[in-house]
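Below are the chains, spelled out letter by letter.
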Amino acid sequence: LHFDHRELIANPGFEDGLEPWVKVGDVSYYRQGRYSHRGAGYVSLGGRDGASGTVYQEVTVPEGIERAELTFWLRVTSREATRTRARDRLWLQIRDPETRRIVQKVAMWSNLSAPVSGQPTYTMKGPYDLSRYAGQRIQIRFHALTDGANPTTFRIDDVETTGHNVLGAQPD
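Keep in mind that this is a model prediction, so the values were computed, not measured.

Draft legend 1. Quick look at unusual backbone geometry. The omega angle of the peptide bond from E19 to P20 is 10°, so this bond is cis rather than trans. On the secondary structure map, P20 appears in the loop between β1 (2-7) and β2 (22-25). Of the consecutive residues G126 and P127, the connecting peptide bond is found in the cis state with omega at 10°. Positive phi values are uncommon outside glycine, yet R100 reaches one of about 65°. By relative accessible area, which is 57% here, R100 ends up exposed. The backbone of N150 sits at a positive phi, close to 55°, despite the residue not being glycine. The residue N150 is located in the loop between β10 (136-145) and β11 (152-168) in this model.

Listed below in structure tokens is the structure:
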């Protein structure tokens, strides 16, 4: 079988600046950050007490696509002392860009996602299936909230949304 692969996200590793990603509130963009997963750029949400921030990008999932998957790399560090209560949170959401309504809560991470000991590292999250949005424009949205003390930092890099169609037999 032959697959037609295509990247749906523009600037997935934040290497070419922040655009076309949009940031709202407490989001930091690092062009030459020391905590990138691959390359040099990444975004960071949270990181201070009482933070509220969102970074998103609108993409069109092509009509007729057989498979569309979202993956990204996440690095969580936290100053929270508790290991039993989620106090700071990061959500991955799909939003309708016209109605601005959240149409899917994909996943959530918190201060409990930070390693208990040792150096924090990036871990790949996903794949998350976006095939149900074929033929639609959607907003891939990361949203973080931290409480009033001991902040958690959520670093995001290499957000990749690949779609592919099976085209049939491999050409000779």
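Draft legend 2. Representation of the nonpolar core in the model. Of all hydrophobic cores here, the largest spans 34 residues; its most connected members are F72, L90, L92, I140, F142, I156 and V159. Elements supplying a minimum of two residues to this core: β4 (42-46), β5 (52-61), β6 (67-78), β7 (89-95), β8 (102-110), β10 and β11. Sequence-distant contacts of F142, defined by excluding residues within four places in its chain, comprise W21, L45, G53, T54, V55, F72, L90, W91, L92, I156 and V159.

Criteria and thresholds
- Residues numbered from 1 in each chain as written.
- Predicted model: local features only at pLDDT ≥ 70, side-chain atom pairs only at ≥ 80, totals over all residues.
- Heavy atoms only, no water.
- Helix = DSSP H or I, 4+ residues; strand = E, 2+ residues; numbered from the N terminus.
- Buried < 20%, exposed > 50% of the residue type's maximum accessible area, 1.4 Å probe, protein only.
- Core = buried A, V, L, I, M, F, W, Y, C linked by side-chain atoms within 4.5 Å.
- Contact = heavy atoms within 4.5 Å.

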